[in-house]
Amino acid sequence: MAVLTIAAREFRATFNSTIGWLVLAAFLFLNGVFFLMWLTYFAEASAQFSGGAYGDVQLLLSEQLFAPFYGNVATILLFICPALSMRMFAEERSQRTLELLLTSPISTAEIVLGKFLGALGFVTVLLAGLLYGPLLLWWWSTPDIGALVTGNLALFLVAASTIAIGALFSSFTDNQITALVVTVSVCLALYIIGAVGDQDSIWGQISILSHIDDLFLGGIRLSDVSYFVGLIGVFLFATHQKVESYRWS
Amino acid sequence: MSMIEVQNLTRRFGALTAVDDLSFSVGQGDIVGFLGPNGAGKSTTMRMLTGSLGATSGSVTIAGHDIATDARAVQRIVGYLPETPPLYTDMTVRSYLRFCAKIKKAKSPNQAADNVIDRVDLGAVAGRLIGHLSKGFRQRVGVAQALVHEPRLLILDEPTSGLDPNQRVEIRALIADLAKGDVTVVLSTHILPEVEAVCGRVIILHQGKIVAQDTLAGLSGADQAVRVVVARPSDDVGSALSALPGVLQVKALDDGAYRVEANDDVREAVAACVVGFGLLEMGRDQAGLEDVFIKLTRSDRGA
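This text gives an overview of the structure that appears in the document. None of the values given here were measured: they were computed from a predicted structure.

1. Quick notes on helix α4 (residues 109-119) of chain B
Residues and elements named next belong to chain B. Those residues of α4 that sit buried are Ala112, Ala113, Val116 and Ile117. Burial along α4 is one-sided: seen end-on, the buried residues are contained in an arc of 140°. Here the buried face of α4 lies against α3 (93-103) and α5 (135-147). Asp121, located one to two residues past α4, shows a positive phi value of around 60°.

2. Points about unusual backbone geometry
You will see that Arg96 of chain A, though not glycine, has its phi angle at about 60°, which is positive. Within the fold, Arg96 of chain A resides in the loop between α4 (87-95) and α5 (98-102). You will see that Asp121 of chain B, though not glycine, has its phi angle at about 60°, which is positive. Its location among the elements puts Asp121 of chain B in the loop between α4 and α5.

3. Section: the sheet that holds strand β13 (residues 257-262) of chain B
Each strand in a sheet pairs with another by means of backbone hydrogen bonds, the pair being arranged parallel or else antiparallel. All names here are of chain B. Within the open sheet, the four strands sit side by side as β12-β13-β11-β14. Their pairing is antiparallel. The sheet is open, and its two borders are formed by β12 (247-252) and β14 (279-284), each paired with just one other strand. Strand-to-strand twist across the sheet, computed as the mean angle between neighbouring axes with direction ignored, equals 20°. This element, helix α9 (residues 235-242), spans β11 (224-230), β12 and β13 of the sheet and lies at about 165° to β12. Packing against the sheet, helix α10 (residues 267-274) makes contact with β11, β13 and β14, and its axis sits at approximately 165° to β14.

4. What to know about the side chain of Ser210 of chain A
Residue and element names in this part refer to chain A. Summarising the element assignment, Ser210 is placed in the loop between α10 (202-206) and α11 (213-216). By relative accessible area, Ser210 is classed as buried at 13%. At 3.2 Å, the side chain of Ser210 and the backbone oxygen of Ser207 are in polar contact. Not counting residues within four places of it along the chain, the set of residues in contact with Ser210 comprises Gln199, Gly204 and Asp224.

5. Some thoughts on the packing of aromatic side chains
Any aromatic ring pair is given by two values, namely how distant the centres are and how the planes are angled relative to each other. Residue and element names in this part refer to chain A. Taken as a whole, this structure holds 12 aromatic pairs over all chains when the rule is applied. Aromatic ring contacts, followed pair by pair, group Phe35, Phe66, Phe69, Tyr70 and Phe216 into a single cluster. Over the aromatic face of Phe89 sits the side chain of Lys115, whose NZ or CZ is 5.5 Å from the ring centroid.

6. As for the packing of α4 of chain A against helix α8 (residues 145-170) of chain A
All names here are of chain A. Axis separation between α4 and α8 bottoms out at 7 Å; the angle between their running directions is 20°. Considering the angle they form, α4 stands roughly parallel to α8. On α8, the residues that touch Arg87, Met88, Phe89, Ala90 and Arg93 of α4 are Ile163, Ala167 and Ser170. In terms of residue class, the contact of α4 with α8 is made up of five nonpolar, one polar and two charged.

7. Section: the interface of chain A and chain B
Listed as interface residues are 23 residues of chain A and, on the opposing side, 28 residues of chain B. Between chain A and chain B, a total of about 2300 Å² is buried, with carbon and sulfur atoms accounting for 59% of that surface. Broken down residue by residue, the surface that chain A buries against chain B is led by Arg9, Leu100 and Pro105 of chain A, which jointly contribute 29%. Between the two partners, chain A and chain B, sit two salt bridges. Where Glu99 of chain A meets Arg47 of chain B, a salt bridge forms, and the shortest distance between an N and an O atom there is 3.1 Å. Summed over the shared surface of chain A and chain B, the result is nine residue pairs in polar contact (both at pLDDT 80 or more). Put simply, the parts of the chain that give the side of chain A that touches chain B at least two residues each are α1 (2-16) and α5 of chain A. Looking at the side of chain A that touches chain B, the element that brings in the most residues is α1 of chain A, giving six residues. For the side of chain A that touches chain B, a count of residues per class yields 10 nonpolar, eight polar and five charged.

8. Here's the deal with the pairing of strand β2 (residues 16-27) of chain B
Residues and elements named next belong to chain B. Where strand β1 (residues 2-13) meets β2, eight bridges bridge the pair, whose relative direction is antiparallel. Its bridge partner being in β2, Arg11 is matched across the sheet by Val19. Counting the residues in the hairpin turn of β1 and β2 gives two residues, including Gly14, whose phi is positive at 60°.

About the cut-offs
Once a new chain begins, its residue numbering starts again from 1 and follows that chain's sequence as written. Following the order in which they are written, the chains are lettered starting with A and the ligands numbered starting with 1. Note on the predicted model: pLDDT of at least 70 is required for a residue's local features to be given, and 80 or more for side-chain atom pairs to be given and counted; whole-chain, interface and lining totals, by contrast, use all residues. To obtain the side-chain values, all non-hydrogen atoms of the structure were used and water was disregarded. Only protein chains enter the calculation, and the probe is 1.4 Å; a residue is then buried if its accessible area is under 20% of its type maximum, exposed if over 50%, and partly exposed in between. Here a strand is any run of E in DSSP of at least two residues, a helix any run of H or I of at least four, and the numbering for each starts at the N terminus. Throughout, the arc means that of the directions going from the helix axis to the C-beta atoms. Working rule for contacts: check all heavy atoms of both residues, and any pair within 4.5 Å makes them a contact. Strand pairing is assigned whenever DSSP detects at least two bridges linking the two strands. To obtain an axis, a line is fitted to C-alpha atoms, over the contacting stretch when the element is a helix, and the angle between two such axes runs from 0 to 180 degrees between their N-to-C directions. We define a polar contact as two N or O atoms separated by no more than 3.5 Å, with the added condition that, inside protein, one atom must be a possible hydrogen donor and the other a possible acceptor, whereas residues neighbouring each other in sequence contribute only through side-chain atom pairs. Pairing of aromatic side chains requires ring centres within 6.5 Å, counting the rings of Phe and Tyr and the six-membered ring of Trp. Pairs whose planes differ by under 30 degrees are stacked, by over 60 edge-to-face, and all others tilted. For a ring to carry a charge above it, either NZ of a lysine or CZ of an arginine must fall within 6 Å of the ring centroid while also lying within 35 degrees of the normal to the ring plane. Convention used here: angles under 35 degrees read as roughly parallel, angles over 145 as roughly antiparallel, angles from 65 to 115 as roughly perpendicular, and any remaining angle as oblique. Amino acids are sorted into nonpolar (Ala, Val, Leu, Ile, Met, Phe, Trp, Tyr, Cys and Pro), charged (Asp, Glu, Lys and Arg) and polar (every other residue, Gly among them). Two parts placed together each lose some accessible area under a 1.4 Å probe, and the buried area is that loss summed for both. By salt bridge we mean one thing: a side-chain nitrogen of Lys or Arg within 4 Å of a carboxyl oxygen of Asp or Glu.

Right under this line is the structure:
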């Protein structure tokens, strides 16, 4: 119950903030442009491949449009989610409102989980705002609904992980900008670290990038989903420990 | 039954000992004032009473619940106003108080919020954003937040700081009103008249230690003290006053003023006694607590 109360407040607070609307606008605009770009590319490529030297080749929407588009969205999420998570605890610390939560008869776990869910709710609105593009395609074609679902699941998991990471760094500082910069750096590192080795190496295993490719193409694997769930769990637990430590410092 | 039981409470921040081996108890329905200079450990002690800060050692028991093991039970019955009111400036007064009522587990949260808005007289600003309110209103919203779940113990850290005299009087009246309803109140302040106006008992802190705890009268050195000013001061005035029944001590002050300490109300006798020396002024002596406070908390004390 208290979790939902805190989540609802967090969700509304994001809509009450300038940064919330900036994020919403930037996210929808950039991704709108990307979608248009990939759609144009897809249309041109389809025209080239049909009836060409290779015969009639059908390009798949899921492979040639959704996957690269969602790849772009995921990259943008890496920058935008930290802007949502940065205020989570840093603002409460600088405004001294955390004391209200810490002296209320609710557990630290409820505080952390509530704030996490509130931010996640906002991201869900963002992702829902992107659905119009793919859904419009039904007018002309029948895209693979499975790839659409798993692609959005992947985006949701990337966003949730980034917010969990952001929650931890937000809990370390009074300064939202510090939280933002550190979170973006860590997420970016986690994203590209796979380039150090191949996908089966340890670097590939801990990289976000190597766990989203299959999801974008419609393949759902337990190992990929549990990677994200684990990542979220570890960072939320660390955040919980940090917030709990406020009572001792 | 005692509401607060504190035993050997100590809190260190690194090398600094902010609260040093504090023991005291507060009875149900009491109004107790924490008095002390800045940095005496008032806020730290209050934070430990509310569960927002853990103790280094010692124990805090509130209404029979140990705060170290049963903090949630304590927090249900404690209302707390920190030094800086914890306000979300992007919310309206009403939605903020509803939020507070919910997380503090009030029985019917929306009703509780409306009730406290009436009680603290916030009806006129209930729909406004907290960020747009004046300092006095913000402080009142802070008090409302502490009251919203009808706590049995109220802990107020400098509840009147930054308020103008009218607002101070209002807050004091509110506190006195609460105490009538059997709410226990612990408040900190460094405004001495405030303590005299509302508190039944005072705990004076200095450098993390209790240097005095007593009723106001007890601290002033006598149950009653009267200050008189006469037109023609002389040794005779002093000796005449000392001879009155019930008088413990007479001090000659500057400009013909005398301080008469006694066991009970001797104003009538004093007036009759000094009228021949040209009585100019007379009243209860308010300077007592200030003297005690300064004597006990001078920073060079014991150094």
